[in-house]
Amino acid sequence: MRIIHFHPDPRMAMIFIAPLMQAERRKGMESELVFSVHRSGIEGTNIPFDLSAPNLPGLPLALWRVWKYLKRRRPDVVFSHNTKSSLIPLIGAWLAGVPARVYFNHGVPYVGYQGILSVILRALERWNIAFATHVVTVSRDMQTLLCDVSPRTKAQIIHYGSASGIDLHIFSPELYSRTGWREAHGLHDEDLVVVYVGRPEKRKGFELVLRLWSNQFHDGNIKLLLCGSGPDDVLRYLSTLPPNIIPLGFVHNVPEVLAASDLMILPSLHEGLSYACLEAQAGGAVVVANNIPGIRCLVEDWTTGFLVSDNEPMQYVKIIREVSNNRSLLGPIQQKAKLNVLNYSREAFIPLYLSYLQTLLTTHSSGK
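Right, let's walk through the structure included here. In this text the structure is predicted, and so the values were computed from the model without any measurement.

Scoring rules and cut-offs
- Residues numbered from 1 in each chain as written.
- Predicted model: local features only at pLDDT ≥ 70, side-chain atom pairs only at ≥ 80, totals over all residues.
- Heavy atoms only, no water.
- Axes fitted to C-alpha atoms, helices over the stretch in contact; angles between N-to-C directions.
- Helix = DSSP H or I, 4+ residues; strand = E, 2+ residues; numbered from the N terminus.
- Parallel < 35°, antiparallel > 145°, perpendicular 65-115°, else oblique.
- Left-handed = near helix turned anticlockwise from the far one by under 90°.
- Contact = heavy atoms within 4.5 Å.
- Nonpolar A, V, L, I, M, F, W, Y, C, P; charged D, E, K, R; others polar.
- Pairing = 2+ DSSP bridges.
- Patch = residues over 30% accessible without salt bridge, like charges linked within 9 Å, V, L, I, M, F, W, Y side chains within 5 Å.
- Areas by Shrake-Rupley, 256 points an atom, 1.4 Å probe, with all protein chains shown as cover.
- Salt bridge = Lys/Arg side-chain N within 4 Å of Asp/Glu carboxyl O.
- Buried < 20%, exposed > 50% of the residue type's maximum accessible area, 1.4 Å probe, protein only.
- Expected span 1.5 Å × (residues − 1).
- Core = buried A, V, L, I, M, F, W, Y, C linked by side-chain atoms within 4.5 Å.
- Arc of directions from axis to C-beta.
- Polar contact = N/O pair within 3.5 Å; in protein donor to acceptor, adjacent residues only side chain to side chain.

Turning to the packing of helix α3 (residues 59–73) against helix α4 (residues 87–95), a few remarks are in order. Close contact between α3 and α4 brings their axes to 8 Å; oriented N to C, the two are set at 45 degrees. Taken together, the axis directions place α3 and α4 in an arrangement best described as oblique. Our pair here, α3 against α4, has a crossing hand that is right-handed. Each of L59, A62, L63, V66, W67 and L70 in α3 lies in contact with α4, whose residues at this interface are I88, P89, I91, G92, A93 and L95.

On to the packing of α4 against helix α5 (residues 115–131), then. Axis separation between α4 and α5 bottoms out at 9 Å; the angle between their running directions is 25 degrees. What the angle tells us is that α4 and α5 run roughly parallel. Between α4 and α5 the crossing geometry is left-handed. In contact with L87, L90, I91 and W94 of α4, α5 contributes L124, W127, N128 and F131. When the residues that make up the contact of α4 with α5 are grouped by side-chain class, the tally is seven nonpolar, one polar and no charged.

This part takes up the sheet that holds strand β4 (residues 77–81). On the basis of which strands lie adjacent, the open sheet formed by seven strands has the order β3-β2-β1-β4-β5-β6-β7 and parallel pairing. A strand with exactly one partner marks an edge of an open sheet, and here the two such strands are β3 (45–46) and β7 (156–157). Note: strand β1 (residues 2–7) against strand β2 (residues 30–35), six bridges, orientation parallel. Opposite F6, over in β2, you have V34 as the bridge partner. Packing against the sheet, helix α2 (residues 18–26) makes contact with β1, β2, β4 and β5 (100–105), and its axis sits at approximately 155 degrees to β2.

Side chains of L61, W64, W67, W94 and L95 sit close together on the surface and give an oily, nonpolar patch of about 540 Å² of accessible area. Elements with a minimum of two residues in the nonpolar patch: α3 and α4. Here L95 shows up in helix α4. Residue class for L95 comes out partly exposed when judged on its relative accessible area of 44%.

As a further point, take the pairing of β2. Burial analysis of β2 places five of its six residues in the buried class, which makes it a mostly covered element. Of the pairings in the sheet, the one linking β2 to β3 comprises two bridges and is parallel in character. Pairing of V34 across the sheet is with T45, part of β3.

Next up on the list: α5. Here α5 is 17 residues long and its end C-alpha atoms lie 25 Å apart, about the 24 Å a rise of 1.5 Å per residue gives. On the buried face of α5, the contacting elements are α4, β5, β6 (134–137) and α6 (140–149).

Summed over the entire model, instances satisfying the criterion amount to 13 salt bridges. Put simply, R182 and D262 hold a salt bridge, and the shortest N to O gap is 2.9 Å. With a gap of 80 residues between them, R182 in helix α7 (residues 178–184) and D262 in the loop between α10 (254–259) and β11 (263–266) connect regions that are remote in the sequence. Grouping residues by exposure puts R182 and D262 together as buried. In this structure, the salt-bridge partner of K202 is E207, at a minimum N-O distance of 3.6 Å. Connected through salt bridges with shared partners, the residues R2, E30, E32 and R73 form a single ionic network.

Right, let's get into the nonpolar core. Judged by nonpolar contacts, the single largest core of 66 residues is most densely connected at F79 and M264. Element by element, the count of residues in this core is highest for helix α14 (residues 346–365), at eight residues. Once you skip the residues sitting within four places of it in the chain, F79 turns out to touch I3, I4, H5, F6, V102, F104, Y353, Y356 and L357. Counting residues in hydrophobic clusters, the runner-up holds 30 residues, among them F206, I245, L263 and L330.

The first and last C-alpha atoms of helix α13 (residues 330–341) sit 16 Å apart over 12 residues, in line with the 16 Å expected at 1.5 Å per residue. The complete set of buried residues in α13 reads L330, I333, A337, N340 and V341. Mapping the buried residues of α13 onto a view down its axis gives an arc of 90 degrees, with all of them on the same face. Residues of α13 that are exposed and point more than 90 degrees away from the buried face comprise Q335 and L339.

The strand order across the open sheet built from six strands is β10-β9-β8-β11-β12-β13, with neighbouring strands paired in parallel fashion. Edge strands, defined here as strands with exactly one partner in the open sheet, are β10 (245–247) and β13 (306–308). Put simply, the sheet's adjacent strands are angled 20 degrees from each other on average, direction ignored. Sheet topology places strand β8 (residues 192–197) next to β11; two bridges connect them, and they run parallel.

The next point concerns the side chain of N244. Of note, N244 is situated in the loop between α9 (231–235) and β10. In this structure N244 comes out as buried when scored by relative accessible area, which is 6%. A polar side-chain atom of N244 sits 2.5 Å from the main-chain carbonyl oxygen of F217.

What follows is the structure in structure tokens.
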């Protein structure tokens, strides 16, 4: 049994797709990765198939290379991951006669944009669905959105959703020294520490977060940690680096940072199923996030986190100040969030993923 996964970025694939491939191999299946962005030192095949601007002139050649690769490898199943990188692999798999072509949707991005870009992304979802024999997505929110795009779509979710579940053995605050980490980074026990985890992009709310700290939080004891962003990223939006913003750059141990934080802020414009939320809930940082699909299915307002309507900046300010003045609010929310994240454990997800895969293969081998 041979399975090929197409994912645009091998670094992200090592986080989200590698657990699936490891489970497949443990069951005696052949499992391969094809990625679009070249990164040295990662096992797999590089073909620039995603729909990024630099790749557009070469897409006909990329399609031919995908088709040729699949004809040679003759997989039983192709999984193509993510909206903007699935069209070429799915068309190539269709041309190569691959019996099971799975569009694995990790999020529906058109809802985070307006105008012509939203129209194009919505159309892209329809094309991906059209060339797939099966559609899997990461949350019930995305299931609803895909059905809205193509009413006949029967998008499935595995277990409660997610790409591969979350490893709760890693995201456990008991493993780390909260006080020790804070002391090493010049933070005090009395500080309210808020962490932002993600790329420094407007669609992730990065600029909004910076403006909040620059304009509203002059309190010395309300600190912002930036995971994944450096000083230069901050200075693209602000003229100076405020003393209560601490850019950590690329972080190798996000669970340790979450264990040392009180809140995680996520003013994202669109999410599939927010792993940042799951990781924060497991790691003990209470989520303060935009009330959008992909987040609201994980966060119940004032129960397992805080939700902000329409990404209203002053609502973030109000919540953060309220928590700063009354830290006892956090304990009950942390406990309920910890229970919620158990639904998304990798240990529970992987057996059900393998069961789905076996059903998929049985269906196609029987000629249905």
